[in-house]
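# Tertiary structure, described
The lines below spell out each chain.
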Amino acid sequence: MAANSTPESPLPVGEVSRLIGGWIDRLGAVWVEGQITQLSRRPGAGVVFLTLRDPSYDISVSVTCYRQVFDAVADVVGEGARVVVHAKPEWYAPRGQLSLRAAEIKPVGVGELLARLEQLKKALAREGLFAAERKRPLPFLPQLIGLVCGRASAAERDVLENARHRWPAVRFEVRNVPVQGVHAVPQVVQAVKELDALDDVDVIVVARGGGSVEDLLPFSDEQLVRAVAACRTPVVSAIGHEPDSPLLDLVADLRASTPTDAAKKVVPDVGEEYERVRLLRDRARRCVAAFVDREERGLAHALARPSIQDPHRVIEERAEQVTALLERGRRSLRHHLDRADSELTHTHARVVALSPAATLKRGYAVLQRADGHAVRDPGEVQPGETLRARVSEGDFSVRVDA
């Protein structure tokens, strides 16, 4: 749709609208899926007006169709219903408005919705969004709980009343949003992101009191699932619909069967915790008492030992042993000394008997030459040689004769 225009020669609005309409007219018919948000069936009018909205995004488009086209599905289609429309884009030049001219409308059945959800579930599971290792543990005692629920809903009342009954000091940051319809997904996603951005929020609870499969479709929306997966705060899913499990249950860190069950799982019961503390205190007291009793028995057993009752007894017993050993040592020493003295006396007598002095006393004499050597052979001396004679009482000189 190229057109020559300048600030000096601009195109009129009508011309621009005509050019856009000509380009749109060349577009073919398409199949479009969405949710009916507004439906206008004026009595006697041959045209039905409705608005088709994308439930995952804040985008909608006007749709028109002849009454006979809509009457074919009027019994099963109404506001909030998901439909598939075979339509051709049209441009209304006087208002500059784009719309779709529907030639056929088909309601999306529950079976088809469940099949699509199953395909989405498998795709998200392959990405690892439902993996168990991604689940974060809930804090034992959250100080501030973020709650996403419908305004003045039974789910909100159940969570608040049960949580405060279990732990009166708990605080809530509540975000009231639509929990079904075309506005549910974007507002629930926005509320979850707002609560996740608050540093004081310890856990986020997304609650709804059940509903039909169509009513719970927002909680299986891919945009919401990815938003919850990206949260840094633990998220609890409390949709309260046991037969069917929305995808939010799979990506949440904890699934509660009902909003009341969510309150029980998120907040501890003060009575139960008090009883648990009392039991632990009693157990600790019993353990300490048993330990003290055991140590007292051990101390009494130790005090009952003879060494503790009469500590000098061991010393006295050892003193007697020392005295006996000392006396034994003395006797042994005296015996050795007496025997040594007797041996010494006998040895002295033998030495005295065998000494040269004793021999001299018996009248013998020892002849020595001038150099002091004893004369043992007559041939060792010469006639006229002077010798020295040694006797018992002294010595004197002698001269050798022939």
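Residues numbered from 1 in each chain as written. Predicted model: local features only at pLDDT ≥ 70, side-chain atom pairs only at ≥ 80, totals over all residues. Heavy atoms only, no water.

As a further point, take the packing of helix α5 (residues 184-197) against helix α6 (residues 222-229). For the pair α5 and α6, the least separation of the axes is 9 Å and the interaxial angle reads 5°. As far as their axial angle goes, α6 and α5 are roughly parallel. Across the interface between the two elements, V185, V188, V189 and K193 from α5 touch Q223, L224 and A227 from α6. Looking at the contact of α5 with α6 residue by residue, the classes come out as five nonpolar, one polar and one charged. (Axes fitted to C-alpha atoms, helices over the stretch in contact; angles between N-to-C directions. Helix = DSSP H or I, 4+ residues; strand = E, 2+ residues; numbered from the N terminus. Parallel < 35°, antiparallel > 145°, perpendicular 65-115°, else oblique. Contact = heavy atoms within 4.5 Å. Nonpolar A, V, L, I, M, F, W, Y, C, P; charged D, E, K, R; others polar.)

Reading across from one edge, β11-β12-β13 is the order of the three strands in this open sheet, with antiparallel pairing throughout. At either margin of the open sheet sits one strand with a lone partner, and together these are β11 (366-368) and β13 (394-399). Recorded for the sheet is a direction-independent mean angle of 30° between the axes of neighbouring strands. Across six bridges, strand β12 (residues 386-391) lies against β13 in antiparallel orientation. (Pairing = 2+ DSSP bridges.)

This part takes up helix α9 (residues 270-303). When the terminal C-alpha atoms of α9 are compared, their 48 Å separation across 34 residues agrees well with the 50 Å that a helix rising 1.5 Å per residue should span. The N-cap of α9, judged by a side-chain oxygen 3.0 Å from the amide nitrogen of G271 a few residues on, is D269. (Expected span 1.5 Å × (residues − 1). Polar contact = N/O pair within 3.5 Å; in protein donor to acceptor, adjacent residues only side chain to side chain.)

The biggest cluster of nonpolar side chains holds 30 residues, and the ones touching the most others in it are V148, V206, F219 and V251. Looking at this core, the elements with two or more residues in it are α3 (110-126), β6 (144-149), α5, β8 (203-207), α6 and α7 (247-251). Within the second largest apolar cluster, 20 residues are counted, among which are L160, V170, A238 and A263. (Core = buried A, V, L, I, M, F, W, Y, C linked by side-chain atoms within 4.5 Å. Buried < 20%, exposed > 50% of the residue type's maximum accessible area, 1.4 Å probe, protein only.)

Turning our attention to the sheet that holds strand β1 (residues 30-40). Ordered by their spatial adjacency, five strands build a closed barrel running β1-β2-β3-β5-β4, and the pairing between neighbours is mixed. Averaged over neighbouring strand pairs, the angle between their axes works out to 55° when direction is ignored. Pairing geometry for strand β3 (residues 59-66) and strand β5 (residues 97-107), over four bridges, is parallel. Bridge pairing in β5 links S62 to S99. Seen against the sheet, helix α1 (residues 13-25) touches β4 (82-92) and β5 and runs at an angle of roughly 140° to β4.

Angle between the axes and distance between the axes: these two values describe a pair of packed helices. Where helix α4 (residues 154-166) contacts helix α8 (residues 259-266), the two axes come as close as 8 Å, and the packing angle between them is 30°. Here α8 runs roughly parallel to α4, going by the angle between their axes. Crossing handedness for the pair α4 and α8: right-handed. Touching A155, D158, V159, N162, A163 and R166 of α4 are P259, T260, A263 and K264, all from α8. Within the contact of α4 with α8, the residues separate by chemical class into five nonpolar, two polar and three charged. (Left-handed = near helix turned anticlockwise from the far one by under 90°.)

This part covers the pattern of salt bridges. Under the defined criterion, the tally for this structure stands at 20 salt bridges. A salt bridge links D71 to R41; its shortest N-O distance comes to 3.1 Å. With D71 in helix α2 (residues 67-71) and R41 in the loop between β1 and β2 (47-54), this residue pair connects regions lying 30 residues apart in the sequence. Residue classification places D71 among the partly exposed positions, given a relative accessible area of 36%. E273 is paired through a salt bridge with R276; the nearest N and O atoms lie 2.6 Å apart. Of this pair, E273 and R276 are both found in helix α9, three residues apart, which corresponds to roughly one turn of the helix. Looking at R276, the relative accessible area reads 41%, which means it is partly exposed. (Salt bridge = Lys/Arg side-chain N within 4 Å of Asp/Glu carboxyl O.)

Among the secondary structure elements, E385 is positioned in the loop between β11 and β12. When residues no more than four places from it in sequence are discounted, the contact partners of E385 are R369, E380, V398, R399 and V400.

A few words now on α6. Considered for burial, the residues of α6 that qualify are L224, V225, A227, V228 and A229. Two to three positions downstream of the cap, the backbone nitrogen of Q223 sits 2.8 Å from a side-chain oxygen, assigning the N-cap of α6 to D221.

For A152, which is not glycine, the phi torsion reads 55° and is therefore positive. By secondary structure assignment, the location of A152 is in the loop between β6 and α4.

Direction of pairing for β6 relative to strand β7 (residues 171-176): parallel, over a ladder of six bridges. By the bridge assignment, L144 is partnered in β7 with R171. Chirality of the crossover, the property in question, places the unit of β6, α4 and β7 among those that are right-handed. (Right-handed = clockwise from strand over helix to strand, strands pointing away.)

Worth remembering: the numbers are spatial, not functional.
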